[in-house]
Amino acid sequence: MNGSAAELGALRAYPTADGSFSLHSDHFGEAFHNSAGALNEARAKFVQPAELQRFSRGSELRILDVCLGLGYNTAAVLEALPTAGPKLQWWGLELDRRPLEQALEQASFQSLWSAPVLARLEAIRDHGCWKDPNSQGIQLWGDARSMLQQIPESVRFDLVLLDAFSPQRCPELWSEEFLGALAQRLAPQGRLLTYSRSAAVRASLKRAGLSLFSLLPAPGERVGWSSGTLATPADSGCPPNGPGWRPLSAMEWEHLQTRAAVPFRDPQGNATAENILERRRLEQEHCGYKPTNAWQRRWRRDRPS
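This is a predicted model, so every value here is computed, not measured. (Residues numbered from 1 in each chain as written. Predicted model: local features only at pLDDT ≥ 70, side-chain atom pairs only at ≥ 80, totals over all residues. Heavy atoms only, no water.)

A. Just the overall build of the protein, in detail. Each helix and strand in the protein was counted, giving 12 helices and 12 strands. Taken over C-alpha atoms, the radius of gyration comes to 19 Å for the protein, in line with the 19 Å a tight globule of 305 residues would show. Overall, the C-alpha framework of the protein stretches about 55 × 45 × 40 Å when taken along its three principal axes. The buried share of the protein, taken over its 305 residues, is 55%. When contacts within the protein are restricted to residue pairs at least 6 apart in sequence, those whose partners lie at least 24 apart make up 70%. Surface exposure of the protein reaches about 13,400 Å², of which carbon and sulfur atoms provide 50%. (Helix = DSSP H or I, 4+ residues; strand = E, 2+ residues; numbered from the N terminus. Rg over C-alpha atoms; globule rule 2.2 N^0.38 Å. Buried < 20%, exposed > 50% of the residue type's maximum accessible area, 1.4 Å probe, protein only. Contact = heavy atoms within 4.5 Å. Areas by Shrake-Rupley, 256 points an atom, 1.4 Å probe, with all protein chains shown as cover.)

B. The packing of helix α2 (residues 38-47) against helix α3 (residues 72-80), seen in detail. For the pair α2 and α3, interaxial distance at closest approach is 9 Å and the crossing angle is 65°. Considering their axes alone, α2 and α3 lie roughly perpendicular with respect to each other. Considering the relative orientation of α2 and α3, their crossing is right-handed. Residues A38, L39, A42, F46 and V47 of α2 form the contact with α3, whose participating residues are Y72, N73, A76, V77 and A80. (Axes fitted to C-alpha atoms, helices over the stretch in contact; angles between N-to-C directions. Parallel < 35°, antiparallel > 145°, perpendicular 65-115°, else oblique. Left-handed = near helix turned anticlockwise from the far one by under 90°.)

C. Local environment of the sheet that holds strand β11 (residues 229-233). Strand order in this open sheet of nine strands is β6-β7-β5-β4-β8-β9-β11-β10-β12, and the pairing throughout is mixed. Whereas interior strands pair on both sides, the edge strands pair on one side only; in this sheet they are β6 (129-132) and β12 (245-247). Neighbour to neighbour, the strand axes of the sheet diverge by 20° on average, direction disregarded. Pairing geometry for strand β9 (residues 186-194) and β11, over three bridges, is antiparallel. Along β11, the bridge assignment pairs T194 with T229. The strands that helix α9 (residues 199-207) touches are β9, β10 (210-215) and β11; relative to β10, the one it contacts most, it runs at about 150°. (Pairing = 2+ DSSP bridges.)

D. Representation of the layout of surface pockets in the model. Computed from the structure, the largest pocket encloses a volume of approximately 890 Å³. Looking at the largest pocket, it is lined by 37 residues, and the ones nearest its centre are E30, S166, Y195, S196 and R197. Within the residue set of the lining of the largest pocket, elements represented by two or more residues are β3 (30-31), α2, α3 and α9. Here the residues of the lining of the largest pocket sort into 15 nonpolar, 13 polar and nine charged. (1 Å grid on protein atoms, 1.4 Å probe; cavity = no way out; pocket = protein on both sides within 12 Å on 5 of 7 lines; lining within 4 Å. Points joined across faces, edges and corners; volume = space filled by probe spheres on them. Nonpolar A, V, L, I, M, F, W, Y, C, P; charged D, E, K, R; others polar.)

E. Spotlight on the confidence of the model for the protein. Of the residues in the protein, 95% reach a pLDDT of 70 or more, and the chain-wide mean stands at 91. Low pLDDT, under 50, characterises residues 1-6; the predicted model gives this stretch 24 contacts beyond four residues in sequence or across chains. (pLDDT = per-residue confidence, 0-100.)

F. Up close: helix α8 (residues 176-184). Among all positions in α8, only E176, F178, L179, G180, L182 and A183 are buried. Considering only its buried residues, α8 is in contact with β4 (60-66), α7 (144-147), β8 (157-162), β9, α9 and β10.

G. Molecular detail of the pairing of strand β1 (residues 11-15). With five bridges joining them, β1 and strand β2 (residues 21-25) adopt antiparallel strand pairing. When the bridges of β2 are listed, L11 appears paired with S25. Linking two consecutive strands that pair antiparallel, namely β1 and β2, is a turn of five residues; a positive phi of about 95° is found at G19 within it.

H. Representation of the state of the cysteines. Here the structure, examined in full by the defined rule, presents zero disulfides. Counting only cysteine sulfurs, C67 is the nearest neighbor of C170, a cysteine outside any disulfide, at a range of 6.3 Å. The exposure class assigned to C170 is buried, which follows from its relative accessible area of 0%. (Disulfide = S-S within 2.5 Å.)

I. Focus on the sheet that holds β2. Reading across from one edge, β1-β2-β3 is the order of the three strands in this open sheet, with antiparallel pairing throughout. In this open sheet, the two edge strands, each paired with only one partner strand, are β1 and β3.

J. Main features of the nonpolar core. L64, V66, Y72, L93, W113, I151 and L182 are the most contacted members of the largest nonpolar core, which totals 86 residues. Among all residues touching L182, those that are not within four sequence positions of it are L64, V66, L148, V160, L162 and L192. (Core = buried A, V, L, I, M, F, W, Y, C linked by side-chain atoms within 4.5 Å.)

K. The side chain of R185, seen in detail. One can find R185 in the loop between α8 and β9. Separated by 3.3 Å, the side chain of R185 and the backbone oxygen of P152 make a polar contact. Look past the residues within four positions of R185 in its chain and what remains in contact with it is L148, I151, P152, E153, V155, R156 and F157. (Polar contact = N/O pair within 3.5 Å; in protein donor to acceptor, adjacent residues only side chain to side chain.)

L. Structural view of the pattern of salt bridges. Applying the stated rule across the entire model yields 18 salt bridges. The salt bridge involving E51 is made with R191; its shortest N-O contact spans 3.0 Å. Here E51, found in the loop between α2 and β4, pairs with R191, found in strand β9; they are 140 residues apart in sequence, far enough to count as distant. When salt bridges that share partners are traced, they join D143, R145 and D266 into one network. (Salt bridge = Lys/Arg side-chain N within 4 Å of Asp/Glu carboxyl O.)

Here's what the structure looks like:
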């Protein structure tokens, strides 16, 4: 999430299809989760493709949660860690404290998590950190672009959970530069996970040297041509198919040759959303890529009946 608390506008609560609580941002005109369910989405797009069983006792697990929001993604990952789990180091980036505060006021949200996970969320809310014998977490409140730079350069993440508002609404956190910075912070077998299937986002991740995979839909989610992206270093050994992901289709690869793949650019890391969007619009006019609507028409025509 980006922008000041005032800019985020009113946050309205609503129940999702799986019964879990979520919020809608009036300023962004978007919900924090899809209609299939906040909990379903967290588990399908951030827990399952993380393959947490890779991190056993004695190993280390470093997680970066970009846009903590209500805390679902981090809580779902913490809940799913093996009992004899790894040594955990967690960082969160978020501007607005209100979503987590409002979530923790909801009995329905609290009931989803074990006492240790709830205690960590409450510690983030109250102190901006937690520390116990086998794990520690540090929450950085502020613009994610500058807060990322406060994390020691030597830290390499095994998991990056990227859950900002959509690229057209919050382009600051989907820029070529910010995505490149996240890619540089990935461990050799690290995985970046996001609900976004944007061609601009995928093309930027590809240029940053990452291999791309397509996430499968969450239970109850409307099935589309993709439900998100897994990106990992090219030599990570990640198999083409796995729990919750598959290779990109021919349609998805062709999407990266259209004007939709022109990146969001923010060279100085401090541009406004309006400036980033206008810069991209001008670049799209002169990029020489095929129109995105021609891609859409072709794949509607070529789709099997």
